[in-house]
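What follows is each chain in one-letter form.
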Amino acid sequence: VDLIAEAEEAGVVVTKQSKMVCELNPTGGGGIGQTEITGIPVSWLIERAGGMTDGTNSVRCVRADGSSKSGIDVAKLEDNYLVYKMGGEYLDARRGFPCTNWVEGYDAQIFSKQPSGYIVSSDVMDERVCGQVNQEDAHVNRPNATICGTPEGVIIETGKPFTFEGYADAFDEAVTKIEFSMDGGKTWTAFDLGQTDPRQWVWWTFTWTPETDGSYVLMTRGTTDTGLVTDEGYIHKVMVTAKTNVEE
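Residues numbered from 1 in each chain as written. Predicted model: local features only at pLDDT ≥ 70, side-chain atom pairs only at ≥ 80, totals over all residues. Heavy atoms only, no water.

So, on to the sheet that holds strand β9 (residues 115–121). An order of β4-β3-β9 is seen for the three strands of this open sheet, with the pairing classed as antiparallel. What marks the edges here is a single partner per strand, and that holds for β4 (72–73) and β9. In this structure, strand β3 (residues 58–63) lies alongside β9, joined through six bridges in antiparallel fashion. Its bridge partner being in β9, Arg 60 is matched across the sheet by Ile 119. (Pairing = 2+ DSSP bridges. Helix = DSSP H or I, 4+ residues; strand = E, 2+ residues; numbered from the N terminus.)

Further remarks concern the pairing of strand β17 (residues 236–243). By the bridge criterion, four bridges tie strand β11 (residues 154–157) to β17 in an arrangement that is parallel. Within β17, the residue paired with Ile 155 across the bridge is Thr 241. Looking at chain direction, strand β16 (residues 214–224) and β17 are connected through seven bridges and run antiparallel. Its bridge partner lying in β17, Ser 215 is registered against Thr 241.

A separate point is the pattern of salt bridges. Under the defined criterion, the tally for this structure stands at 11 salt bridges. Two residues, Glu 104 and Lys 16, come together in a salt bridge whose shortest N-O distance is 3.0 Å. With Glu 104 in the loop between β7 (100–103) and β8 (112–113) and Lys 16 in strand β1 (residues 14–21), this residue pair connects regions lying 88 residues apart in the sequence. According to the relative accessible area criterion, Glu 104 is buried, its value standing at 1%. The exposure class assigned to Lys 16 is partly exposed, which follows from its relative accessible area of 22%. (Salt bridge = Lys/Arg side-chain N within 4 Å of Asp/Glu carboxyl O. Buried < 20%, exposed > 50% of the residue type's maximum accessible area, 1.4 Å probe, protein only.)

Our focus in this paragraph is the environment of Glu 23. Among the structural elements, Glu 23 can be located in the loop between β1 and β2 (32–41). Considering only alpha carbons, one finds Glu 23 and Gln 132, 109 residues apart in sequence, at a separation of 6.8 Å. Leave out the neighbours within four places in its chain, and Glu 23 touches Asp 107, Gln 109, Val 129, Gly 131, Gln 132, Asn 141 and Phe 171. Within polar-contact distance, the side chain of Glu 23 engages the side chain of Gln 109 at 2.2 Å. Within the structure, Glu 23 has its side chain in polar contact with the side chain of Gln 132 (distance 3.3 Å). (Contact = heavy atoms within 4.5 Å. Polar contact = N/O pair within 3.5 Å; in protein donor to acceptor, adjacent residues only side chain to side chain.)

On to the sheet that holds strand β14 (residues 189–192), then. With respect to topology, five strands assemble into an open sheet ordered β11-β17-β16-β13-β14, the strand pairing being mixed. The open sheet has two edge strands with one neighbour each: β11 and β14. On average, adjacent strands in this sheet sit at an angle of 30 degrees to one another, irrespective of strand direction. Bridge analysis of strand β13 (residues 175–181) against β14 gives four bridges, and the strand direction is antiparallel. Within β14, the position partnered with Ile 178 by the bridge is Phe 191. (Axes fitted to C-alpha atoms, helices over the stretch in contact; angles between N-to-C directions.)

Have a look at this one:
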């Protein structure tokens, strides 16, 4: 409580929208979420404790039980927060009361509930790459373009617009384009997003009107600012059925 009061008085507390995503979140998966966080920059905590010495290259969060995940590269320190509120409310036990370590741009494995402190060190660090690859080194969830809220086989009305929605995410890379196909991938409708913030997910909507009765499959894929494209083996698909009289 005293630390929060000191940080608030110093004007360093940050409130912003931010995401958390599991490294294993698959195409079509729900292992991702976004909320408003309120937290204290870990960089401010380190400066308050005397700062870093020459050669320091990582910051390690220590949990209440003394355990720790891998270190955080100091280059990511500006994205590291000691979060004590989510959605404007103080954390409960489920969310890691009284606070949780939050690192934007990393997968959720590096997040830690109930931290007891931070250690700065000069440990040798391996490059951390978020996301999963298959045996052919193809990314299976980076970028991940997922359709949400449309049940498989749902009946929609012919001649009337229907809106799909979902998210696109690529961990620490920005999703700059989303494409949709309704003909099995023969043609794609592309939407350029410009420069998006990799610290947040992209929530998209796509409105389409079926002209005739029948079953249709929506396919979706994403592209990142470094040129990564959703691998064709991991494109999310959802089938809908259009009928003229939906009540029959």
